[in-house]
Amino acid sequence: MNSKVTIRHPELVAIDGADGKIYFGGKTQWLPEEMRQLRGGAVAAAEMISYLAATRDDLGDLYPPRTRRTQAEFETLMERVWEAIAPGDGAPLTLSGFVDGLNAFAKRAGHQLVFNELDIRGHRPSADRCQGFIDDAMVRDTPVAFLNRIHGEDGEILRNWSLIVGQVGNRVILADDGVQRPIDFRLWHDTTSLGGGLVFAMRNPL
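1. A look at empty space enclosed by the protein
Now for step 1: All told, the structure shown has one cavity of 30 Å³ or more when counted by the stated rule.
Now for step 2: Counted as a void, the largest cavity has a volume near 50 Å³.
Now for step 3: As for the largest cavity, its lining consists of Leu 12, Val 13, Ile 15, Glu 47, Ser 50, Tyr 51, Arg 69, Phe 74 and Leu 163.
Now for step 4: With three residues, the top contributor of residues to the lining of the largest cavity is helix α1 (residues 41-55).
Now for step 5: Among the residues making up the lining of the largest cavity, the classes are represented as six nonpolar, one polar and two charged.

2. Considerations on the pattern of salt bridges
Now for step 1: One pass over the structure, following the stated rule, counts five salt bridges.
Now for step 2: Arg 121 is paired through a salt bridge with Asp 119; the nearest N and O atoms lie 2.8 Å apart.
Now for step 3: A relative accessible area of 40% places Arg 121 in the partly exposed class.
Now for step 4: The exposure class of Asp 119 is partly exposed, given its relative accessible area of 32%.
Now for step 5: When the shortest N-O distance is used, the salt bridge between Asp 176 and Arg 181 registers 2.8 Å.

3. Details of the side chain of Ser 50
Now for step 1: Tracing the backbone through its elements, the reader meets Ser 50 in helix α1.
Now for step 2: Excluding anything up to four places from it in sequence, Ser 50 contacts Tyr 63, Arg 69, Phe 74 and Leu 77.

4. Overview of the packing of aromatic side chains
Now for step 1: Scanning all chains against the criterion turns up six aromatic pairs.
Now for step 2: On the basis of an interplanar angle of 10° and a centroid distance of 4.5 Å, the ring pair of Phe 98 and Trp 161 is categorised as stacked. Within this pair, whereas Phe 98 is found in helix α3 (residues 95-108), its partner Trp 161 is found in strand β7 (residues 157-168), the two being separated by 63 residues in sequence.
Now for step 3: Taking relative accessible area as the criterion, Trp 161 reaches 5% and is therefore assigned buried.
Now for step 4: Ring geometry for Phe 146 and Trp 188: centres 4.9 Å apart, planes at 85°, overall edge-to-face. With Phe 146 in strand β6 (residues 144-151) and Trp 188 in helix α5 (residues 185-191), this pair connects stretches of sequence that are 42 residues apart.
Now for step 5: Site record: aromatic cluster; members linked through ring pairs are Phe 146, Phe 185 and Trp 188.

5. Some details on the sheet that holds strand β2 (residues 14-16)
Now for step 1: Strand order in the open sheet made by the three strands is β3-β2-β4, with mixed pairing throughout. Looking at the sheet topology across the chains shown, the edges are occupied by β3 (22-24) and β4 (69-70).
Now for step 2: Two elements, β2 and β4, share two bridges in a ladder whose sense is parallel. Within the sheet, the bridge partner assigned to Asp 16 lies in β4 and is Thr 70.

Cut-off values and rules
Residues numbered from 1 in each chain as written. Predicted model: local features only at pLDDT ≥ 70, side-chain atom pairs only at ≥ 80, totals over all residues. Heavy atoms only, no water. 1 Å grid on protein atoms, 1.4 Å probe; cavity = no way out; pocket = protein on both sides within 12 Å on 5 of 7 lines; lining within 4 Å. Points joined across faces, edges and corners; volume = space filled by probe spheres on them. Helix = DSSP H or I, 4+ residues; strand = E, 2+ residues; numbered from the N terminus. Nonpolar A, V, L, I, M, F, W, Y, C, P; charged D, E, K, R; others polar. Salt bridge = Lys/Arg side-chain N within 4 Å of Asp/Glu carboxyl O. Buried < 20%, exposed > 50% of the residue type's maximum accessible area, 1.4 Å probe, protein only. Contact = heavy atoms within 4.5 Å. Phe/Tyr/Trp six-rings, centres within 6.5 Å; stacked < 30°, edge-to-face > 60°. Pairing = 2+ DSSP bridges.

Dropping the structure here:
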């Protein structure tokens, strides 16, 4: 897989920071302390909703700023999304919890979204299947939330979330804590011990 595919308007991921800098997506540091346990889940979810609202006329009310957005505007969206996706009792944010929360968030605003999930744990799909999934999303101009499960320093399982906005060969392009970062997805797939997941949202079923 050598072709390059991206969302059509990566500039809509940019956020004007309160410090005068331009960030590629949100930062976990913008979240209140109690929300940071989600390790980017609220950020990735807000980025996904933000992009869909900016590129689909009938979803504009989910997040009114339809072009460039400010840090303050994005922080408000993250807090609203966090209320929908946050698991109870400090539990980790799972792939299903992410989907269920965003589904509820959209339904409260009168919208029906269709979520496509790919669980990369246990009996895992091949790297080709995963990259084909990402390619399907990019062709439909929708970013992909990427869950990467890793071992923490104390042995606990941490769930790190970021947003895939493009794919070039074996590499995916992430909006990761305010910066654009490429990673070798196939290398991650072939070496990860805990796996993770992929999910994207659209207006109509595939």
